[in-house]
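Commentary on secondary and tertiary structure
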Amino acid sequence: MNQEFELKSVIRSVPDFPKPGIMFRDITPLLANHEAFRETIRRFTEHFKDSKITKIMAAEARGFIFAAPLALELNASFIPVRKPNKLPFDTQAFHYELEYGTDTLEMHIDAVEEGDRVLLIDDLLATGGTIQACAKLAEQAGAVVAGCGFLIELDFLNGRRHLEGYDICSLINYGDENP
Ligand SMILES: O=P(O)(O)OC[C@H]1O[C@H](OP(=O)(O)OP(=O)(O)O)[C@H](O)[C@@H]1O
Ligand SMILES: Nc1ncnc2[nH]cnc12
């Protein structure tokens, strides 16, 4: 596998999942292809290798898949961000707005500290609510957000508007809802 490989070719688009009108971008074919998976981690590593990352934060569940191997490549800590009441120790929470209603993400209070340079990783950037919550958690703890990496970015939802000023690396882009 080389730098020219189209990672998009191993993403499966599933119409009307989980509800009518949504084109779901399924990463499982990429995960089943170890060369494509390795190439994904290689491209993130290449982008962020000089960013002096100390910690990588990712929200469950799909964010974990890419954040853990990347943390090993960048010699950084892996910090899991979880849905409420999953983490056993004291937590710091961030509540955020969804299209309809609100959601909450948590991390351990000692996970990130002042002086950390945090990389936020997720499989997909849609509206940006999830990654913005991770950024707020990092910044509330006194860390600097040194970058954001996504395997997939849904450009038409403009999640980037929440990430102004951050170094963003997205490996696959979809300009509209169709395959
Ligand atoms: O930019 P946003 O609009 O916040 O959407 C992107 C988030 O949505 C998906 O996670 P989901 O909440 O479906 O959870 P999962 O990873 O457990 O499947 C995806 O993995 C991102 O984390
Ligand atoms: N279209 C989509 N495909 C996969 N995961 C998503 N998370 C939010 N929107 C998504």
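Notes on the structure follow. Owing to the predicted nature of the structure, the values given are computational and were not obtained by experimental measurement.

Let's shift gears to the site of ligand 1. The full set of residues close to ligand 1 is E60, A61, R62, K83, D122, D123, L124, A126, T127, G128, G129 and T130. A61 is positioned with one of its backbone polar atoms (N or O) 3.1 Å from an oxygen atom of ligand 1. T130 is positioned such that a nitrogen or oxygen atom in its side chain is 2.6 Å from an oxygen atom of ligand 1. Alone, ligand 1 offers 510 Å² of accessible surface; in the complex the protein occludes 72% of this. Of the pockets mapped on this structure, ligand 1 occupies the largest pocket. Elements supplying a minimum of two residues to the shell around ligand 1: strand 7 (117-125) and helix 4 (129-140). Examining the composition of the shell around ligand 1, we find that three residues originate from one element, strand 7, more than from any other.

Further remarks concern the pattern of salt bridges. Throughout the structure, instances matching the rule amount to nine salt bridges. Across the salt bridge formed by R62 and D123, the nearest N and O atoms sit 3.0 Å from each other. Here R62 is found in helix 3 (residues 62-73), whereas its partner D123 is found in strand 7, with 61 residues between them in sequence. Look at D123 and you get buried, because its relative accessible area is 3%. Here the salt bridges do not stand alone but share partners, grouping E39, R42 and R43 into one network.

This brings us to the nonpolar core. Ranked by internal contacts, the top residues of the largest apolar core, which has 29 residues, are I56, L151 and I152. Contributing elements (two or more residues each) for this core: helix 2 (34-48), strand 3 (55-59), helix 3, strand 7, strand 8 (144-154) and strand 9 (168-174). In contact with I152, other than residues within four places in its own chain, are I11, R25, I27, D123, L124, L125, I172 and Y174. In terms of nonpolar packing, the next biggest core, distinct from the first, is built from 26 residues, M57, L125, A138 and A141 among them.

Okay, the site of ligand 2 next. M23, F24, R25, R62, L124, A126 and L154 make up every residue found near ligand 2. Between ligand 2 and the protein, one listed contact pairs a nitrogen atom with a backbone N or O atom of R25 at 2.9 Å. R62 has a polar side-chain atom sitting 3.0 Å from a nitrogen atom of ligand 2. When the free accessible area of ligand 2 is taken as 260 Å², the share hidden by the protein chains comes to 76%. Counting atoms within 2 Å of the grid points, the majority share of ligand 2 lands in the largest pocket.

What follows is about the environment of R43. Within the secondary structure, R43 sits in helix 2. For R43, a relative accessible area of 17% puts it in the buried group. The sequence separation of R43 and S170 amounts to 127 residues, and the corresponding C-alpha distance is 9.7 Å.

This next bit is on the layout of surface pockets. Of the pockets and cavities examined, the largest pocket occupies roughly 1,300 Å³. Lining the largest pocket are 38 residues; nearest its centre among them are L124, A126, T127, T130 and L157. Breaking the lining of the largest pocket down by element, the ones donating at least two residues are strand 2 (23-26), helix 3, strand 5 (91-97), strand 6 (102-108), strand 7 and helix 4. By residue class, the composition of the lining of the largest pocket is 17 nonpolar, nine polar and 12 charged.

Definitions and cut-offs
Residues numbered from 1 in each chain as written. Chains lettered and ligands numbered in written order. Predicted model: local features only at pLDDT ≥ 70, side-chain atom pairs only at ≥ 80, totals over all residues. Heavy atoms only, no water. Near = heavy atom within 4 Å. Polar contact = N/O pair within 3.5 Å; in protein donor to acceptor, adjacent residues only side chain to side chain. Areas by Shrake-Rupley, 256 points an atom, 1.4 Å probe, with all protein chains shown as cover. 1 Å grid on protein atoms, 1.4 Å probe; cavity = no way out; pocket = protein on both sides within 12 Å on 5 of 7 lines; lining within 4 Å. Sits in = over half its atoms within 2 Å of the grid points. Helix = DSSP H or I, 4+ residues; strand = E, 2+ residues; numbered from the N terminus. Salt bridge = Lys/Arg side-chain N within 4 Å of Asp/Glu carboxyl O. Buried < 20%, exposed > 50% of the residue type's maximum accessible area, 1.4 Å probe, protein only. Core = buried A, V, L, I, M, F, W, Y, C linked by side-chain atoms within 4.5 Å. Contact = heavy atoms within 4.5 Å. Points joined across faces, edges and corners; volume = space filled by probe spheres on them. Nonpolar A, V, L, I, M, F, W, Y, C, P; charged D, E, K, R; others polar.

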